[in-house]
Structures are given as structure tokens and as C-alpha cells.
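Here is what each chain is made of, one letter per residue.
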Amino acid sequence: MTVITNLQQIYETDDHLWLLETIKLLKQSRFDELDLENLIEELESLTKRDKHQVKSLLEQVIRHLLLLQFWTQEYDRNKNHWRSEIRSFRVQLKDRLTSNLYNYLNSIFTTIYEDALGYVQEKTGFTVNFPAECPYSLEEVLDIHYLPN
């Protein structure tokens, strides 16, 4: 029982050491010595962090696609910047995306578009007529080569 208490104390003072010790216990199949409460909390946090990262990156891609396609007043000045940002966010998404996270993005795609739409409407001072529904599929948004006409 002292191992669990010590592991819990370590978690409060040095989360990296706690993680190393937890990994060691898992590898040794010493499951009864794990600090389950904090392990569960960390795994839940990891899942939330991963979901937040891919959601944020996808929203950034959509924002820039919308600006590239519809903000014609700024097109000549900003097209290269918007394209490079689209590519950068897509590469980051590709590095993080799992089938589970893809399914998550697919399930909230409409909400992500609505958030991106609100942002670009504010950015353009509501002077651009953006579509109410997303003009891109999830596959297009993720496709490294896709750019709207």
C-alpha cells in the first residue's frame, strides 16, 4: 500500500517521474501498485487534448480555405499566406490523425464549420457572403492538394 501512496505523492510533486514510474509498473504487470485514480485522470486528459488539437487544426484549415475562396478583396495580398497556412495545418493534422480522431472530427464537422464561419465573418467585418453550410467535405479539407477554385 505504500507504493500507491508514494506514487500518489510523486504525482503531486513530479508528474514526469510519476509517468515514468507508472510505465515501469505497467511493463512489469504490477497493476495492483498503479495509482489508478491519477492514471485515469491523465488518460482522460490526453484524450481531450488530442481531440482539442485536431479540432482546432481542422477549424484553422477551414478558416483559411474560406478566406482564400471568398475574400476576393484580400486575395492578391494574402493568397500565398493563406495557402501556406492551409498546408501547415494539414501537415500537423496528418501527423496527429488516427481513425478514432477522424471519426470524431466527422461527427462534429458541422460545428467546426460554424465556429470557423463565425471567425471569418468577424475577421471580414461581415462584408463577405460566406456559405451557411460548409462547401467542402472533410476529405477535401484534409487533402493536402485540395484548394477551392
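How each quantity is defined
Residues numbered from 1 in each chain as written. Predicted model: local features only at pLDDT ≥ 70, side-chain atom pairs only at ≥ 80, totals over all residues. Heavy atoms only, no water. Axes fitted to C-alpha atoms, helices over the stretch in contact; angles between N-to-C directions. Helix = DSSP H or I, 4+ residues; strand = E, 2+ residues; numbered from the N terminus. Parallel < 35°, antiparallel > 145°, perpendicular 65-115°, else oblique. Left-handed = near helix turned anticlockwise from the far one by under 90°. Contact = heavy atoms within 4.5 Å. Nonpolar A, V, L, I, M, F, W, Y, C, P; charged D, E, K, R; others polar. Core = buried A, V, L, I, M, F, W, Y, C linked by side-chain atoms within 4.5 Å. Buried < 20%, exposed > 50% of the residue type's maximum accessible area, 1.4 Å probe, protein only. Phe/Tyr/Trp six-rings, centres within 6.5 Å; stacked < 30°, edge-to-face > 60°. Lys NZ or Arg CZ within 6 Å of the ring centre and 35° of its normal.

Novice: How should I be thinking about the packing of helix H3 (residues 36-70) against helix H5 (residues 99-107) in this particular structure?
Specialist: For any two helices packed against each other, the geometry comes down to the angle between their axes and how far apart the axes lie. Between H3 and H5, the shortest axis-to-axis distance is 10 Å and the interhelical angle comes to 55°. Classified by the angle between their axes, H3 and H5 sit oblique to one another. Crossing geometry of H3 relative to H5 is assigned as right-handed. For the pair H3 and H5, contact is made by Asp 50, Lys 51, Val 54, Lys 55 and Leu 58 and by Leu 101, Tyr 104 and Leu 105, respectively. Here the contact of H3 with H5 is built from residues that sort into five nonpolar, no polar and three charged.

Novice: In this structure, what is going on with the nonpolar core? I would like to understand it.
Specialist: Looking at soluble globular proteins, one finds that nonpolar side chains tend to be buried together. Judged by nonpolar contacts, the single largest core of 29 residues is most densely connected at Leu 58, Val 61, Ile 62, Leu 66, Leu 93, Phe 130 and Val 141. Residue assignment for this core shows that the elements contributing at least two residues are H3, helix H4 (72-96), H5, helix H6 (109-123) and helix H7 (138-142). Ranked by residue count, the leading element in this core is H3, at nine residues.

Novice: Would you take a moment to explain the packing of aromatic side chains for this structure?
Specialist: The geometry of an aromatic ring pair is captured by the separation of the ring centres together with the interplanar angle, meaning the angle of the planes. Applying the stated criterion across every chain yields a total of four aromatic pairs. Here the aromatic rings of Tyr 11 and Trp 18 are separated by 4.8 Å at their centres, their planes lie at 70°, and the arrangement is edge-to-face. Both residues of the pair, Tyr 11 and Trp 18, count as buried. A cation sits over an aromatic face here: Arg 63 above Tyr 119, 3.6 Å from the ring centre.

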